[in-house]
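Examining the three-dimensional arrangement
Chain by chain, the residues run as shown.
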Amino acid sequence: MEKKKVIFSGMQPSGSLTLGNYLGALKNWVNLQGQYESYYCVVDMHAITVPKEPKHLRKNTLEVLANYIAAGLDPEQVTLFIQSHVPAHAELSWILNCFSYYGELSRMTQFKDKSRKQDSNAITAGLFTYPVLMAADILLYQADLVPVGEDQRQHLEITRDIAQRFNNRFSETFTVPEPFISKDVAKVMSLQDPNSKMSKSDSNENAYILLMDKPEKIKRKFKRSVTDSIGVVNYTDDQPGIKNLINIYSKITNKKPEEIVTDYEGKGYAKLKEDVAEVVIAELEPIQEKIDYLLKNKDYLEKIYIAGAQKAEAAAHKTLRKVKRKVGFIPR
Ligand code: ATP
Ligand code: LTN
């Protein structure tokens, strides 16, 4: 039998997951399971690259895991684990740091965006070398494909560059991974600033919909979403707020944006906002029931992440041993 291709991806527990994480990535992961050998990680080590309250980190880490399972990832079919439980990520990350360049890391747009939001004295070395830890995550599992949203493309490019550089220096060691970015996944934008992406670490909670938001909250957030003063429902870049609402509606109902525009001819923005809220609420209802159940059953979650870490560790260890030997470390 042909060996299944390997998939790796992860999300940061920098908050609880948003509709953007779900429509942009998680839903896609669920559709892919079964066809691949898959590893899905909660990247808690990435989350501390910006200041984070320990109790929030603990809570969000379990929530993200519960969100993965509730959205449909089946722990019997995929390996679910927490990044800090597999020390090989930190070990490989250090080695790869020594094969990554200051210049290429300085060009990362996520670093530039995130560091702009911090006080310049508070920008950590961890935030700067974030993409190297991400490369280690992926390369440890010899992943062929990495399903992510469009915003992660540049990080995948640097992962490929680091892998190729290492392979050229020491002979074939890492599989060079391909990004797996679904074309029909539009970026979900902030409800308060439709020119920037919906992000779970936004300081304004009206900017995002959480998978765990209750129906009333979802209605309220859509009602307050920022649009424009044109007053006609159109699918164009000149109306980014309306375009975003149409994209969300389209992604959930599978209706084409043009059909939606026709449906709303002569109707106002308020009706569109109400209807988008309604389809989002219906999509999230079964997921929310499962999240509630899982968060009340922490023992079950614990079993999943312990078993996941054991499986992940075995795979990661193989790669790490090879890498250490190649760079010249003496085996213990
Ligand atoms: P943060 O804003 O805290 O940096 P985030 O919400 O962007 O985090 P990540 O953990 O960085 O979430 O991303 C997890 C996955 O979700 C990535 O594959 C990313 O591309 C995707 N993603 C995140 N936000 C969106 C969005 N608004 N639209 C589409 N995909 C998204
Ligand atoms: N940087 C990613 C999260 C992430 C990731 C990964 C994604 C960390 N390690 C490995 C794919 C593969 C983000 O911010 N979305």
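A few points on the structure. What you see is a predicted model; the values in this text were computed from it and never measured.

Thoughts on the pattern of salt bridges
If you walk through the whole model with that rule in mind, you get 15 salt bridges. One salt bridge connects Glu-178 with Arg-160, and the closest N-O pair in it is separated by 3.6 Å. Taken together, the residues span a long stretch of sequence, with Glu-178 in strand β5 (residues 178-180) and Arg-160 in helix α9 (residues 153-170) at a distance of 18 residues. On the basis of relative accessible area, Glu-178 is assigned to the partly exposed category, the value being 40%. Judged by relative accessible area, Arg-160 falls into the buried class, the value being 19%. Its salt-bridge partner being Lys-255, residue Asp-263 comes within 2.8 Å of it at the nearest N-O pair. The exposure class of Asp-263 is partly exposed, given its relative accessible area of 33%.

A look at the layout of surface pockets
Roughly 340 Å³ of volume is contained in the second largest pocket. Around the second largest pocket, the lining is made up of 15 residues, and of these Glu-91, His-317, Leu-320, Arg-321 and Lys-324 lie nearest the centre. Breaking the lining of the second largest pocket down by element, the ones donating at least two residues are α4 (88-97) and α14 (298-327). For the lining of the second largest pocket, the element with the most residues is α14, which contributes 7 residues. Residue composition of the lining of the second largest pocket, by class: 8 nonpolar, 1 polar and 6 charged.

Topic: the packing of helix α11 (residues 240-253) against helix α13 (residues 269-296)
The geometry of α11 relative to α13 is characterised by a closest axis approach of 10 Å and an angle of 35 degrees between their N-to-C directions. For α11 against α13, the interelement crossing comes out left-handed. Of the residues in α13, those in contact with Ile-242, Leu-245, Ile-246, Ile-248, Tyr-249, Ile-252 and Thr-253 of α11 are Tyr-269, Leu-272, Lys-273, Asp-275, Val-276, Val-279, Val-280 and Glu-283. Grouping the amino acids of the contact of α11 with α13 by side-chain chemistry returns 11 nonpolar, 1 polar and 3 charged.

Description of unusual backbone geometry
Of note in this structure, Gln-142 is not a glycine but carries a positive phi near 50 degrees. Mapping Gln-142 onto the fold places it in the loop between α8 (130-140) and β4 (145-147). The exposure class of Gln-142 is buried, given its relative accessible area of 19%.

Observations regarding the side chain of Gln-152
Along the chain, the position of Gln-152 falls in the loop between β4 and α9. Aside from chain neighbours lying at most four places away, what touches Gln-152 is Gln-110 and Met-134.

Description of the packing of aromatic side chains
Scanning the entire structure with this criterion turns up 13 aromatic pairs. Judged by centre distance (6.4 Å) and plane angle (70 degrees), the ring pair of Phe-8 and Phe-81 falls under edge-to-face. Of this pair, Phe-8 sits in strand β1 (residues 6-11) while Phe-81 sits in strand β3 (residues 79-82), placing them 73 residues apart in sequence. Here Phe-8 matches Phe-81 in class, with each residue buried. Considering the side-chain rings of Phe-99 and Phe-170, the 5.7 Å spacing of their centres and the 75 degrees angle between planes classify their relative orientation as edge-to-face. Taken together, the residues span a long stretch of sequence, with Phe-99 in the loop between α4 and α5 (102-106) and Phe-170 in helix α9 at a distance of 71 residues. Considered together, Phe-99 and Phe-170 belong to a single accessibility category, that of buried residues. In this structure an aromatic cluster arises from ring pairing among Phe-8, Tyr-39, Phe-81 and Tyr-141. Seen from the ring of Tyr-235, Lys-243 lies directly overhead, with NZ or CZ sitting 5.2 Å from the centre. Lys-267 extends its terminal NZ or CZ atom over the ring of Tyr-264, reaching a point 5.4 Å from the ring centre.

Some details on the packing of α13 against α14
In a pair of packed helices, the angle between the axes and the distance between the axes together describe the arrangement. One way to put it is that α13 packs onto α14 with a least axis distance of 5 Å and a crossing angle of 85 degrees. Comparing the axis directions of α13 and α14 gives the class roughly perpendicular. Residue-level inspection shows Leu-294, Leu-295 and Lys-296 of α13 in contact with α14, the latter providing Lys-298, Tyr-300 and Leu-301. Its residues assigned to classes, the contact of α13 with α14 comprises 4 nonpolar, no polar and 2 charged.

A look at the site of ligand 1
Near ligand 1, the surroundings consist of 19 residues, among which Ser-14, Asp-151, Val-188, Lys-197 and Ser-199 are the closest. A distance of 2.8 Å is found between an oxygen atom of ligand 1 and a backbone nitrogen or oxygen belonging to Gln-12. Between ligand 1 and the protein, one listed contact pairs an oxygen atom with a side-chain N or O atom of Ser-14 at 2.6 Å. Taking 590 Å² as the accessible area of ligand 1 by itself, protein coverage stands at 96%. When residues of the shell around ligand 1 are assigned to their parent elements, the largest contribution, 4 residues, is made by helix α1 (residues 19-32). Of the residues assigned to the shell around ligand 1, the class counts are 5 nonpolar, 9 polar and 5 charged.

Rules and cut-offs
- Residues numbered from 1 in each chain as written.
- Chains lettered and ligands numbered in written order.
- Predicted model: local features only at pLDDT ≥ 70, side-chain atom pairs only at ≥ 80, totals over all residues.
- Heavy atoms only, no water.
- Salt bridge = Lys/Arg side-chain N within 4 Å of Asp/Glu carboxyl O.
- Helix = DSSP H or I, 4+ residues; strand = E, 2+ residues; numbered from the N terminus.
- Buried < 20%, exposed > 50% of the residue type's maximum accessible area, 1.4 Å probe, protein only.
- 1 Å grid on protein atoms, 1.4 Å probe; cavity = no way out; pocket = protein on both sides within 12 Å on 5 of 7 lines; lining within 4 Å.
- Points joined across faces, edges and corners; volume = space filled by probe spheres on them.
- Nonpolar A, V, L, I, M, F, W, Y, C, P; charged D, E, K, R; others polar.
- Axes fitted to C-alpha atoms, helices over the stretch in contact; angles between N-to-C directions.
- Left-handed = near helix turned anticlockwise from the far one by under 90°.
- Contact = heavy atoms within 4.5 Å.
- Phe/Tyr/Trp six-rings, centres within 6.5 Å; stacked < 30°, edge-to-face > 60°.
- Lys NZ or Arg CZ within 6 Å of the ring centre and 35° of its normal.
- Parallel < 35°, antiparallel > 145°, perpendicular 65-115°, else oblique.
- Near = heavy atom within 4 Å.
- Polar contact = N/O pair within 3.5 Å; in protein donor to acceptor, adjacent residues only side chain to side chain.
- Areas by Shrake-Rupley, 256 points an atom, 1.4 Å probe, with all protein chains shown as cover.

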